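Working through the structure, step by step
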Amino acid sequence: MGIFHRYDSTIHGNYRKGYLRSGAITGILLSAYVLVRLLMGSPIPSPASYVTDAILLVAVFLFTAYYRNALEEKKITLKEAMLFGMGTAVVAAVVYGLALWAVGLAFPQQCVVFAKTMMGKELTLQDPQLHYWAAWWAIVGAVEVAVLGAFGAFVAAIVFRNEKSQIKHKTS
């Protein structure tokens, strides 16, 4: 018996279509939080905060549960749940990153707040490189969302899987 096994895994649904929808909704929720805080006059101090982390993790868990319950037999393997969750996290990260970039370009005070709280660097609203900072914070936010979302997808896949894949035995 070897350390590594090959599995015969069954995909029960269209997880790509599911993660595109749920990732877009999650990214929009994250972006809406940033925009609402900005319009209230209290911009978020960093691209990833406890609230954005909570929104992301709750969304990954709820959408994974919803996807599993939407399947015909309500059976899902670890592999399918992981693919769905990782896809959701990556799509949410792209949407959130693009939204952060747009917010940083439209509202430069958000980039000034990020630079001050995250790096201790004093920027002004007249800084000629402020549009570069907007792109930088968008990349930082997207990477953080993708990494945390991948971890959440792994935990959600373990929690919500209800079918084990068959082990392929070597016949030689």
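Check the entry above for the structure.
Residues numbered from 1 in each chain as written. Predicted model: local features only at pLDDT ≥ 70, side-chain atom pairs only at ≥ 80, totals over all residues. Heavy atoms only, no water.

**Section: a nonpolar patch on the surface**
- A grouping of Met118, Met119, Trp136, Ile139, Val143 and Val147 is seen on the molecular surface, where their side chains present a nonpolar patch of about 580 Å² in accessible area.
- Sorting elements by how many residues they give to the nonpolar patch places helix 5 (residues 130-160) first, with 4 residues.
- With respect to the helices and strands, valine 147 occurs in helix 5. (Patch = residues over 30% accessible without salt bridge, like charges linked within 9 Å, V, L, I, M, F, W, Y side chains within 5 Å. Areas by Shrake-Rupley, 256 points an atom, 1.4 Å probe, with all protein chains shown as cover. Salt bridge = Lys/Arg side-chain N within 4 Å of Asp/Glu carboxyl O. Helix = DSSP H or I, 4+ residues; strand = E, 2+ residues; numbered from the N terminus.)

**Let's talk about the pattern of salt bridges**
- All told, the structure shown has 1 salt bridge when counted by the stated rule.
- The residue glutamate 73 makes a salt bridge to lysine 75 at a minimum N-O spacing of 3.9 Å.

**A word on the packing of helix 3 (residues 78-106) against helix 4 (residues 108-119)**
- In the contact formed by helix 3 and helix 4, the axes pass within 4 Å of each other and the chain directions differ by 105°. Accordingly, the angle class assigned to the pair helix 3 and helix 4 is roughly perpendicular. Where helix 3 approaches helix 4, its residues Leu100, Val103, Gly104, Leu105 and Ala106 are matched on the opposing element by Pro108, Gln110, Cys111 and Phe114.
- Taken together, the residues of the contact of helix 3 with helix 4 break down into 7 nonpolar, 2 polar and no charged. (Axes fitted to C-alpha atoms, helices over the stretch in contact; angles between N-to-C directions. Parallel < 35°, antiparallel > 145°, perpendicular 65-115°, else oblique. Contact = heavy atoms within 4.5 Å. Nonpolar A, V, L, I, M, F, W, Y, C, P; charged D, E, K, R; others polar.)

**Thoughts on the side chain of threonine 88**
- Here threonine 88 is to be found in helix 3.
- Note on threonine 88: relative accessible area 1%, which makes it buried.
- A polar side-chain atom of threonine 88 sits 2.9 Å from a polar atom in the side chain of serine 22.
- Each residue touching threonine 88, except ones within four places of it in the same chain, is listed here: Tyr19, Ser22, Gly23, Thr26 and Val60. (Buried < 20%, exposed > 50% of the residue type's maximum accessible area, 1.4 Å probe, protein only. Polar contact = N/O pair within 3.5 Å; in protein donor to acceptor, adjacent residues only side chain to side chain.)

**Details of the environment of lysine 17**
- Considering the arrangement of structural elements, one finds lysine 17 in helix 1 (residues 15-39).
- Overall, lysine 17 belongs to the partly exposed group, its relative accessible area being 45%.
- Taking C-alpha positions, lysine 17 is 9.3 Å from phenylalanine 84, a pair spaced 67 residues apart along the chain.

**Things to note about the packing of aromatic side chains**
- One pass over the full model with this rule turns up 5 aromatic pairs.
- Ring geometry for tyrosine 15 and tyrosine 19: centres 6.1 Å apart, planes at 40°, overall tilted. Here tyrosine 15 and its partner tyrosine 19 are both found in helix 1, 4 residues apart, which amounts to about one turn of the helix.
- Seen from their ring centres, tryptophan 133 and tryptophan 137 are 6.0 Å apart, and the 20° between their planes marks the pair as stacked. With a gap of 4 residues between them, tryptophan 133 and tryptophan 137 both fall in helix 5, about one helical turn apart. (Phe/Tyr/Trp six-rings, centres within 6.5 Å; stacked < 30°, edge-to-face > 60°.)

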